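Okay, here's what each chain looks like letter by letter:
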Amino acid sequence: MRDLNLDQLRAFLAVVEAGGFSAAARRLNLSQPAVSVQIRELESRLGLRLIDRLGKRAHPTAAGAELVEHGQGIMAAVEAAESAMRRHRDGWLGRVRIGTGAATLTYLLPPVLRDLRGAYPQIEVSVATGTTDDMIDHLMANRMDIGIVTLPVSHPGIELTVIDTKQLVAILPAAQGALPPVLRPADLEGLPLVIEHRGSNLTRLVLDWLAAGGVTPAPILEYDGLEAVKAIVAAGLGYSIIQLEATKDGVARDQLVVRPLDPALPRVIALARRRDKPVDRALAIVTTALMTLGGDRA
């Protein structure tokens, strides 16, 4: 069997979709005999009858119906490939897949992405959220190009560049009553801890800070999303320790009390990338833009 011819396959799909040869010819801007020739050659190539002519209508045979399913996928792939090549021809620089935590995406990343889009519309950027462990896995599997992670990270295949240090603060419900101006682990003993992801590096930092002060929080309440965490705290169901920038807007802002910690608890943010990852122009540009997260954008 000879290889499929894309023009013949395109003609076949047009006949099936239009329900006849004349309508398909108009759609393809060809003559009706030219379409008929394409179909005969495709049937000869495959050794099968693909179209039954019933009156003025054309219907796919059982083999033809199966070819329609495969053919549509083939033509979609061809269209995607042609579109990709057009982007390269028109100055498209590439696609960069970024991974980050929900807080960074919500409170720090938007202005960077806006500026990047304005300066380099030829770069396609996608962003996915997850924990630091998730991002390291995605980077090593080449499902992600660069990640914004919380240290510590220890992986021989990952290259890290520290970009900033953010201070963590405690948030408590405004109805909590009198609170010291600075909170120590002992001040939080006996209160439920509200977290976003139990397995995140941020949660590990918080638990280690509490443990160093002799506090083991119980129970630990886990909710999906930082805004949900803030709402739960505002409702009086516990406290949380989050990045300072996350306290400046969003739900329940006026129902929360924010307190610094003693000893201070920093969150060190770094860019993570596979050591053997080739750095094309698009990735280099995005990396440079992400370095500005260490500025005063928040």
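Quantities reported herein were computed from a predicted structural model and do not represent experimental measurements. (Residues numbered from 1 in each chain as written. Predicted model: local features only at pLDDT ≥ 70, side-chain atom pairs only at ≥ 80, totals over all residues. Heavy atoms only, no water.)

**Q** Could you give me a rundown of the overall build of the protein, with the residues and numbers involved?
**A** Secondary structure assignment for the protein yields 10 helices and 11 strands. For 298 residues, the compact-globule estimate of 2.2 N^0.38 gives 19 Å, and the C-alpha radius of gyration of the protein, at 29 Å, exceeds that figure by more than 25%. Taking the principal axes of the C-alpha coordinates as reference, the protein spans close to 90 × 40 × 35 Å. Counting across all 298 residues of the protein, residues that qualify as buried make up 42%. For the protein, the accessible area works out to roughly 15300 Å², and carbon and sulfur atoms hold 53% of it. With 33 positive and 33 negative side-chain charges, the protein shows a spacing of 7 Å between the two charge centroids. (Helix = DSSP H or I, 4+ residues; strand = E, 2+ residues; numbered from the N terminus. Rg over C-alpha atoms; globule rule 2.2 N^0.38 Å. Buried < 20%, exposed > 50% of the residue type's maximum accessible area, 1.4 Å probe, protein only. Areas by Shrake-Rupley, 256 points an atom, 1.4 Å probe, with all protein chains shown as cover. Lys, Arg positive; Asp, Glu negative; His and termini not counted. Charge placed at Lys NZ, Arg CZ, Asp CG, Glu CD.)

**Q** Describe unusual backbone geometry, naming the residues involved and giving the relevant values.
**A** With the exception of glycine, the majority of residues adopt a negative phi angle, and the majority of peptide bonds are in the trans configuration. In this chain, Ala218 is followed by Pro219 through a cis amide linkage whose omega measures -5°. On the secondary structure map, Pro219 appears in the loop between α8 (201-212) and β8 (220-222). The residue after Asp262, namely Pro263, is reached through a cis peptide bond having omega 0°. Tracing the chain through its elements places Pro263 in the loop between β10 (256-259) and β11 (266-274). Within the chain, Asn29 stands out as a residue other than glycine whose phi angle is a positive 60°. As for its position among the elements, Asn29 is in the loop between α2 (21-28) and α3 (32-46).

**Q** For helix α9 (residues 226-234), give the residues involved together with the corresponding values.
**A** All of the buried residues in α9 are Leu226, Val229, Lys230, Ile232, Val233 and Ala234. Close packing links the buried residues of α9 with α5 (102-107), β6 (158-173), β7 (193-195), β9 (240-243) and β10. Following α9 by one or two positions, Gly236 adopts a phi angle in the positive range, close to 90°. (Contact = heavy atoms within 4.5 Å.)

**Q** With reference to specific residues and values, describe the side chain of Thr100.
**A** Residue position: Thr100 is located in strand β3 (residues 94-100). Thr100 sits in the buried class, given a relative accessible area of 0%. If we skip the residues at most four places from it in the chain, Thr100 touches Leu105, Leu109, Val127, Ala128, Thr129, Gly130, Met135 and Ile148.

**Q** Account for helix α4 (residues 62-89), with residues named and values stated.
**A** Counted at 1.5 Å a residue, the expected span for α4 with its 28 residues is 40 Å, and the 41 Å between its end C-alpha atoms agrees. Along α4, the residues that are buried comprise Gly64, Leu67, Val68, Gly71, Met75, Val78 and Ala84. Against α1 (6-18), α3 and β2 (57-60) lie the buried residues of α4. Looking at the residues trailing α4, positive phi occurs at Gly91, about 100°. (Expected span 1.5 Å × (residues − 1).)

**Q** I'd like to hear about the confidence of the model for the protein, residue by residue, with values.
**A** As a note on interpretation, predicted positions should not be read in detail where pLDDT is low. Per-residue pLDDT for the protein has a mean of 91; in total, 97% of the residues score no lower than 70. Of all secondary-structure elements in the protein, the lowest mean pLDDT belongs to α5, at 86, while strand β5 (residues 146-150) reaches the highest, 97. (pLDDT = per-residue confidence, 0-100.)

**Q** Outline the environment of Val206, supporting the account with residue identities and numerical values.
**A** Counting through the fold element by element, Val206 comes out in helix α8. Considering only alpha carbons, one finds Val206 and Ile241, 35 residues apart in sequence, at a separation of 6.9 Å.

**Q** Describe in detail the environment of His59, supporting the description with residues and values.
**A** Of note, His59 is situated in strand β2. The sequence separation of His59 and Glu17 amounts to 42 residues, and the corresponding C-alpha distance is 9.3 Å. Not counting residues up to four positions away in its chain, the partners in contact with His59 are Leu50, Ile51, Asp52 and Leu54.

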